[in-house]
Structures are given as structure tokens and as C-alpha cells.
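Examination of the molecular architecture
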Amino acid sequence: MTVLLFGGNGQLGRELQRALAPLGTIVATTRSGALPDGSACETADFNEPASLVALLDRVRPDVVVNAAAYTAVDRAEEERDAAWRANAEAPGVIARWCAAAGVPLVHYSTDYVFDGQGTRPYREDDATAPLGVYGASKLAGEEDIRAAGGRHLIFRTAWVYAPHSANFLRTMLRVGADRDVLRVVADQIGTPTPAALIADVTAQALQHAGGLSGTWHLTANGETSWHGFAEAIFAEAVSAGKLARAPKVEAITTADYPTPAKRPAYSHLDVSKLESDFGIALPSWQDGLKQVIAAL
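For clarity, every value in this text was computed on a predicted model and none was experimentally measured.

Scanning the protein chain from terminus to terminus reveals nine helices and 13 strands. Taking 296 residues into account, the globule formula puts the C-alpha radius of gyration at 19 Å, and the protein chain, at 19 Å, falls close to it. With the principal axes as the frame, the protein chain shows a C-alpha extent of 55 × 40 × 40 Å. Scored against the burial criterion, the 296 residues of the protein chain give a buried share of 52%. Counting only carbon and sulfur atoms, one obtains 48% of the accessible surface of the protein chain, whose full area is about 12,500 Å².

Okay, here's the thing in C-alpha cells:
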């Protein structure tokens, strides 16, 4: 089959190129028309959603996987229109083409569709209430995909990281190598999730015989704070010989580190529906971290 992959240069897109390769021909796209290794690929500009139709018509994919998004959470508060074009309008354009062509669409959403006031892991049918522009734009994208009426697999995920690209783990290792003390927020709770895990589960879901359509939560299992994640990163990196010594990690509150966009204080996603529907056992976030550190 031909898989059209939007967002081939992001941390998830890079892992998807690996995980989806056994399924057939991967046609990757980026906004620049180049992949991270410098090789050429198709160009897709999510700032011009209507332009995507011509690409879809030309490639005529059997499956579309959309890993492209506007993910600058704080900047989105000032660039609402840009976030909305990439996260809501573009997925809607893609979904309507897929529905008309009978092509399944895989799309990724976020824990930021919730307000973080929950007291148990969020289920797929829990009420959404995004706190900022980023979460609202991603929720609008979900709604446009559902409204298109075609087969879709929307995976909400959270706290994504990888041994490459820009993410919290790589930032911590870079900064931690130069400092004795770091201050990290301890009152936001969620689940660190390797991009490779998301990509591998996506490949399994596309090969599942059930032809399922819907929304699922896809993260590793368990929960921690950003502070807890940082401490675990340093402990694992030292244990694996990737870091000479671990800095001290001081716990601070969200109020101590103000940002333009509000973050959900609690965004642990319940993954039991995905595990049940697809017969997949998701690893703990700690096991996921070990694998990513080993891959550095």
C-alpha cells in the first residue's frame, strides 16, 4: 500500500517512517520539501490547508497518517490563526478527501483537550475543556475529522519524546550536563510517552483486522510529574553511562514558572480502551524511558 505521511520531519514523523515501512511505500511530506537527512520529499504546507487537496489527488494514497501539527503551545496564544489552520482546518481538509476516497486517516491529538481538573485518568468519552488555543485547535481538528464521516483513528497522546529532535528529555540532558542544580515543575502530572511507541502502535493498529474507527488514548502506562520525569531521566542516563553525574533536581510549582498558556495540571490518559480494542499491552513509562536512553 501507499502511505502518505504528513509531518515526516517531526519526532513522531521520523519514528513513523521506520515503523510504517513494512506496510508499503511511505510518501513523506514536510513543509520545506526536505527530510532531516537532507533528502527530498513531498511539500505540504499546513498554513495553506486548501493546497493539500492537489497533493492528495496526485499521490492517491491507500492510507493517510497525519503527524503534522502546530505544537508551539505558548506561541499559539499569540498566533491563533496559524494554530487553527494547521491543527483544525488542515486535518478537516484531509479528512474530507479521505472520506470521499474511502481512505482511512490516522491523526494524533493531545491531552491538552482536557482541563486537568480530573481526579482519575481521563477516558475517551470524558468532557473536553481545553485551557488554551493549542488544545482548542487540536480539539477542533478532532471534531472536523469525525464530522467528515470517513474511517479514522484519532490517537490522543501526551508528553512525547525521543532520542532525537527537540523534546524535554534532550533538553534535560543538555542542560543537566552543564549545571549542578535544575528547577523543574512538580505539580503537573502526566505520562511520558516515546514517539517510537506511538509509531509502533500505529503500525499495529493499521494492520488490525477489525477495521476499527474512533478515538483512543495512546500513551505509556503510569504517571509522574515533570520533576519526577527529570529525576528518572538523569538516574537512567547515569546508569546507562550516557551522563557522568546527575544534577540535583529541585521541585517548583507551576506558579513559580509562569507561561503564556495554561497547562492541564493532571492529564493522565486512560489507555485501557486501546489495549482492549487492539490487543496491545502498553509498557510503563519507566520501561519506555529505558529504551529511549539506550537508543541515545
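Resuming the write-up.
All right, on to the pattern of salt bridges then. Taken as a whole, this structure holds 12 salt bridges when the rule is applied. Ionic pairing is found between Arg 60 and Asp 57, a salt bridge with its closest N-O pair at 3.8 Å. Residue classification places Asp 57 among the partly exposed residues on the basis of a relative accessible area of 39%. The salt bridge partner of Glu 79 is Arg 75, with a shortest N-O separation of 3.5 Å.

A word on the nonpolar core. Grouped together as the largest cluster of nonpolar side chains are 52 residues, with contacts concentrated most on Val 65, Phe 155, Leu 274 and Leu 289. Among the elements that take part in this core, helix α6 (residues 195-206) stands out by supplying eight residues, more than any other. Dropping the residues within four chain positions of it, Phe 155 is found in contact with Val 106, His 107, Tyr 108, Ser 109, Thr 202, Ala 205, Trp 216, Leu 218, Leu 274 and Phe 278. If you look at the next biggest cluster of nonpolar residues, it comprises 31 residues, including Leu 4, Leu 55, Val 73 and Val 93.

The next subject is helix α3 (residues 80-101). Relative to the 32 Å expected for 22 residues at 1.5 Å per residue, α3 spans 31 Å between its end C-alpha atoms, a close match to the ideal helical length. Just downstream of α3, Gly 102 is the residue with a positive phi angle, here 70°.

Attention now goes to unusual backbone geometry. Positive phi outside glycine occurs at Trp 159, with the angle close to 50°. Relative to the assigned elements, Trp 159 resides in the loop between β6 (152-157) and β7 (160-161). The phi dihedral of Ser 165 is positive, around 70°, even though this residue is not glycine.

Time to look at the pairing of strand β1 (residues 2-6). Along β1, four of the five residues are buried, which leaves the element largely enclosed by surrounding structure. Summarising the sheet, β1 and strand β2 (residues 25-30) pair through four bridges and their orientation is parallel. Opposite Val 3, over in β2, you have Ile 26 as the bridge partner. Considered for its hand, the β-α-β crossover made up of β1, helix α1 (residues 11-20) and β2 is right-handed. Alignment of β1 against strand β4 (residues 63-66), held across four bridges, turns out to be parallel. In the strand pairing of β4, Phe 6 is matched with Asn 66.

Sheet architecture is open: seven strands sit in the order β3-β2-β1-β4-β5-β6-β11, paired in parallel fashion. Because the sheet does not close on itself, it has two edges, and the strands there are β3 (42-43) and β11 (214-217). Pairing geometry for β4 and strand β5 (residues 105-110), over three bridges, is parallel. Across the sheet, the residue bridging to Val 64 is Leu 105, located in β5. Running at roughly 155° to β5, helix α4 (residues 133-148) makes contact with β5, β6 and β11 of the sheet.

What counts as what
Residues numbered from 1 in each chain as written. Predicted model: local features only at pLDDT ≥ 70, side-chain atom pairs only at ≥ 80, totals over all residues. Heavy atoms only, no water. Helix = DSSP H or I, 4+ residues; strand = E, 2+ residues; numbered from the N terminus. Rg over C-alpha atoms; globule rule 2.2 N^0.38 Å. Buried < 20%, exposed > 50% of the residue type's maximum accessible area, 1.4 Å probe, protein only. Areas by Shrake-Rupley, 256 points an atom, 1.4 Å probe, with all protein chains shown as cover. Salt bridge = Lys/Arg side-chain N within 4 Å of Asp/Glu carboxyl O. Core = buried A, V, L, I, M, F, W, Y, C linked by side-chain atoms within 4.5 Å. Contact = heavy atoms within 4.5 Å. Expected span 1.5 Å × (residues − 1). Pairing = 2+ DSSP bridges. Right-handed = clockwise from strand over helix to strand, strands pointing away. Axes fitted to C-alpha atoms, helices over the stretch in contact; angles between N-to-C directions.

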